[in-house]
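Chain and residue survey
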Amino acid sequence: MSFSIEQFRVPGKVAIVTGAGGRANNIGRAYALGLAAAGASVVVADLNEKGAKAVCEEIHAAGGKAIAAGVDISKPDSVALMVKAATDAFGGVDILVNNAALMLELGSPKAADIPLDDWNRILSVNLTGALICAQAVLPSMRTRGGGKIVNQLSAGAFPATSIYGIGKLALYGLTTTLARQLGPEKINVNAIAPGNATSEAGSALMPEGAPHVKFLEASVAMRLRGAPDELVGTLLLLCSPAGDWITGQVIHVDGGWVIRP
Ligand SMILES: NC(=O)c1ccc[n+]([C@@H]2O[C@H](COP(=O)([O-])OP(=O)(O)OC[C@H]3O[C@@H](n4cnc5c(N)ncnc54)[C@H](O)[C@@H]3O)[C@@H](O)[C@H]2O)c1
């Protein structure tokens with residue numbers, strides 16, 4: 001079969017994007033809009049159901065198909081309802097984008113003395129939540145003969161120097177582990193590691209002029225900040241037939257953050 005640009009499209013596929021309905025200009029919103037524009041029916045899922053509905057309306061206005069789902073990805077019962085909503089509306093699930101995470105709200109807790117309840121709460125969302133969602137969509141992907149799972153990592157995991165980074169680095173381990181185990185079932189599992197994306201949350205973490213921001217600006221090969229839309233092309237590669245031979249990989253979309261000296 002010769003290459004066609006159509007291989008980057010996902011017509012007729014059903015995609016769940018978690019964390020797609022929160023703060024302004026969030027990355028999940030860009031992912032949901034991108035997948036819908038590429039032909040998918042999208043489940044816009046978030047703890048913030050009102051925000052998810054607003055993104056859903058944007059997709060409808062652009063002529064795409066979408067439903068909103070309020071979900072807490074750390075709770076298996078809630079995730080089961082999200083997958084049921086996807087199945088009731090669109091017949092099943094082909095694509096899962098594990099994008100939801102706690103980031104801005106974490107502050108800077110120190111691993112040396114963080115209370116275990118706080119540690120468990122963070123990892124229950126940023127690591128276990130992705131596993132719960134993957135386990136919940138697998139029966140449908142298996143029935144449909146395959147699927148694509150994309151986990152959202154972060155440049156902050158390479159190396160991990162925070163509890164947020166620890167969760168993202170562990171999510172990389174989940175990515176490679178699931179990729180090995182699910183490859184024979186034609187389920188690709190990959191990850192995207194963004195640099196600083198200019199979502200409301202990402203911008204709040206990197207205020208202009210702050211010392212750590214100046215340091216990063218001076219050490220990144222290309223540029224520190226990118227728009228959420230600049231991540232969408234990579235997502236489509238990993239979710240579409242164009243990426244059928246890619247699994248267990250992390251693609252760094254960060255302007256050269258992780259190759260700093
Ligand atoms: N913005 C950046 O610079 C940047 C960089 C690297 C990685 N990331 C990652 O990209 C993803 C999106 O980041 P963002 O900048 O859009 O942040 P964001 O805070 O706007 O988005 C995260 C979303 O996850 C949702 N969420 C949190 N807990 C949840 C739960 N238990 N169940 C369901 N939804 C839940 C929130 O409501 C929010 O809408 C995150 O995984 C983040 O770690 C962001």
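Everything below is about the structure printed above this text.
A quick note: this is a predicted structure, and the numbers were derived from the prediction, not measured.

Here Ser140 is to be found in helix H5 (residues 128-143). Judged by its relative accessible area of 15%, Ser140 falls in the buried class. For Ser140, the side chain forms a polar contact with the main-chain nitrogen of Val93, separated by 2.9 Å. In contact with Ser140, not counting residues within four places along its chain, are Gly92 and Val93.

Counting buried positions over the eight residues of helix H9 (residues 232-239) gives six, a clear majority of the element. Each element contacted by the buried residues of H9 is listed here: helix H1 (27-37), strand S4 (95-98), strand S5 (147-152), strand S6 (187-194) and strand S9 (250-253).

Glancing now at the pattern of salt bridges. This model, assessed by the stated rule, comprises 11 salt bridges. In this structure, Asp72 and Lys75 form a salt bridge, with 3.2 Å as the shortest nitrogen-oxygen distance. On the accessibility criterion, Lys75 (47% relative accessible area) is partly exposed. One connected set of salt bridges, linked through shared partners, spans Glu208, Glu217 and Arg225.

The environment of the ligand is made up of 28 residues, and the closest members are Arg23, Asp46, Asn99, Tyr164 and Ser199. The side chain of Asp46 places a nitrogen or oxygen atom 2.6 Å from an oxygen atom of the ligand. Mapped onto the shell around the ligand, the elements with two or more residues apiece are helix H6 (163-182), strand S7 (196-197) and helix H7 (200-205). Of the residues contributing to the shell around the ligand, the split by class is 14 nonpolar, 10 polar and four charged.

Pairing in this open sheet of seven strands is parallel, and the strands run S3-S2-S1-S4-S5-S6-S9 from one edge to the other. Each edge of the open sheet carries a strand with a single partner, namely strand S3 (65-70) and S9. Taken pair by pair, the neighbouring strands of this sheet meet at an average axis angle of 20°, ignoring direction. As paired strands, strand S2 (residues 41-46) and S3 are joined by six bridges and run parallel to one another. The partner of Val43 across the bridge, within S3, is Ile67. Along the sheet, H1 makes contact with strand S1 (14-18), S2, S4, S5 and S6, crossing S1 at roughly 170°. Along the sheet, H5 makes contact with S1, S4, S5 and S6, crossing S4 at roughly 175°.

Calculation criteria
- Residues numbered from 1 in each chain as written.
- Predicted model: local features only at pLDDT ≥ 70, side-chain atom pairs only at ≥ 80, totals over all residues.
- Heavy atoms only, no water.
- Helix = DSSP H or I, 4+ residues; strand = E, 2+ residues; numbered from the N terminus.
- Buried < 20%, exposed > 50% of the residue type's maximum accessible area, 1.4 Å probe, protein only.
- Polar contact = N/O pair within 3.5 Å; in protein donor to acceptor, adjacent residues only side chain to side chain.
- Contact = heavy atoms within 4.5 Å.
- Salt bridge = Lys/Arg side-chain N within 4 Å of Asp/Glu carboxyl O.
- Near = heavy atom within 4 Å.
- Nonpolar A, V, L, I, M, F, W, Y, C, P; charged D, E, K, R; others polar.
- Pairing = 2+ DSSP bridges.
- Axes fitted to C-alpha atoms, helices over the stretch in contact; angles between N-to-C directions.

Purely spatial values, then, with no claim about function.
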